[in-house]
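Below are the chains, spelled out letter by letter.
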Amino acid sequence: MDAEDGFYERLDAGRFRATEATRGPWDPGAQHAGPPAALLGRAVEERPGGRGDMRIARITYEILRPVPIGGLELTTSVLRSGRGTELVEAALTPEGGDGPVMLARALRIRVAAEAVAAVVPAVEVEPPGEARVTPFFPVPWEAGYHSSVEARFTRGAFTEPGPGTCWMRMKVPLVAGEEVRPLDRVLVAADSANGIGAVLDIRRFVFVNGDLTVHLHRHPVGEWVCVQARTSVDPAGIGLADARLHDEKGPIGRAAQSLFVAPR
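Residues numbered from 1 in each chain as written. Predicted model: local features only at pLDDT ≥ 70, side-chain atom pairs only at ≥ 80, totals over all residues. Heavy atoms only, no water.

> Run through the overall build of the protein chain, naming residues and quoting values.
Along its length, the protein chain carries four helices and 14 strands. Taking 264 residues into account, the globule formula puts the C-alpha radius of gyration at 18 Å, and the protein chain, at 18 Å, falls close to it. The principal-axis extents of the C-alpha atoms in the protein chain amount to approximately 50 × 50 × 40 Å. A buried classification covers 52% of the 264 residues belonging to the protein chain. By sequence separation, contacts in the protein chain at least 24 residues apart represent 66% of the contacts at least 6 residues apart. Counting only carbon and sulfur atoms, one obtains 51% of the accessible surface of the protein chain, whose full area is about 12300 Å². Computed over 30 positive and 34 negative side-chain charges, the inter-centroid distance for the protein chain is 5 Å. (Helix = DSSP H or I, 4+ residues; strand = E, 2+ residues; numbered from the N terminus. Rg over C-alpha atoms; globule rule 2.2 N^0.38 Å. Buried < 20%, exposed > 50% of the residue type's maximum accessible area, 1.4 Å probe, protein only. Contact = heavy atoms within 4.5 Å. Areas by Shrake-Rupley, 256 points an atom, 1.4 Å probe, with all protein chains shown as cover. Lys, Arg positive; Asp, Glu negative; His and termini not counted. Charge placed at Lys NZ, Arg CZ, Asp CG, Glu CD.)

> Before we move on, can you summarise the pairing of strand β5 (residues 85-94) with the specific residues and values?
It is a general feature of regular strands that their side chains alternate between the two faces of the sheet. Across the ten residues of β5, nine count as buried, placing the element largely inside the fold. Here strand β4 (residues 71-81) pairs with β5 via nine bridges, running antiparallel. In the strand pairing of β5, Leu72 is matched with Pro94. Taking the residues that link successive antiparallel strands as the turn, the β4-β5 hairpin has three residues. One ladder, built from eight bridges, connects β5 with strand β6 (residues 102-110); its direction is antiparallel. Its bridge partner lying in β6, Val88 is registered against Ala106. (Pairing = 2+ DSSP bridges.)

> With reference to specific residues and values, describe the side chain of Thr93.
You can see Thr93 is positioned in strand β5. Accessibility expressed as a relative area gives 16% for Thr93, which makes it buried. Excluding anything up to four places from it in sequence, Thr93 contacts Gly71, Leu72, Glu73, Gly99 and Pro100.

> Break down the pairing of strand β1 (residues 8-12) for me, citing the residues and quoting the values.
Across four bridges, the pairing between β1 and strand β2 (residues 15-18) is antiparallel. Within β2, the position partnered with Arg10 by the bridge is Phe16. Where β1 folds back on β2, the antiparallel hairpin that results is connected by two residues.

Put into structure tokens, the structure is as follows:
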């Protein structure tokens, strides 16, 4: 399998090379934050000595600088560990770089030994089979994140300002030649909330997120993840994209992004 068959090519345990499938809509040399978010999430799950009885309940990303397309190094460390919870940090640094460009802090919670009663809010969305296949924002390059995921809207569109509800499915695996995991699907999609719920025209404005927080009360099942997003913008140029996350069985969590908004 070629590296282009995934968002990343694994070089060794902690080193990866990004392919053009990660390219975002803002800069031809920078990644969309969805794939590196998923890569950091996987690093938290894969870290040596990690406890198998815990699951990520919340993961927060700080996007310190644009994530370049190229070689990347991943490191993880445990900041706090207890009987029921632990806090794990993961960092993503370009090869030869002078520091991380993206950080993640994940709260992992111990899974109950015995099943507890499920309580799920009654929120319904139309299934992906009833959704429209719609184009991404117009971008001046052919290959990138926009061509590596499938998007189907049940409300709105990338090119229609206002709240949107979009089902997303990865066309390529996170890492070439490796199995796609449930968390990969959520994190690759969640960073698109600011585009799905965009209230401004991407041709006239930038609305870039400097962070991303994802809360999950359960991991998804199936190939599709639904992002139900809306955006608020203050005249000072600060925005918030807020999203509900679903799979085909129902709600799975929420995502939020703080936005820098400015005319192009």
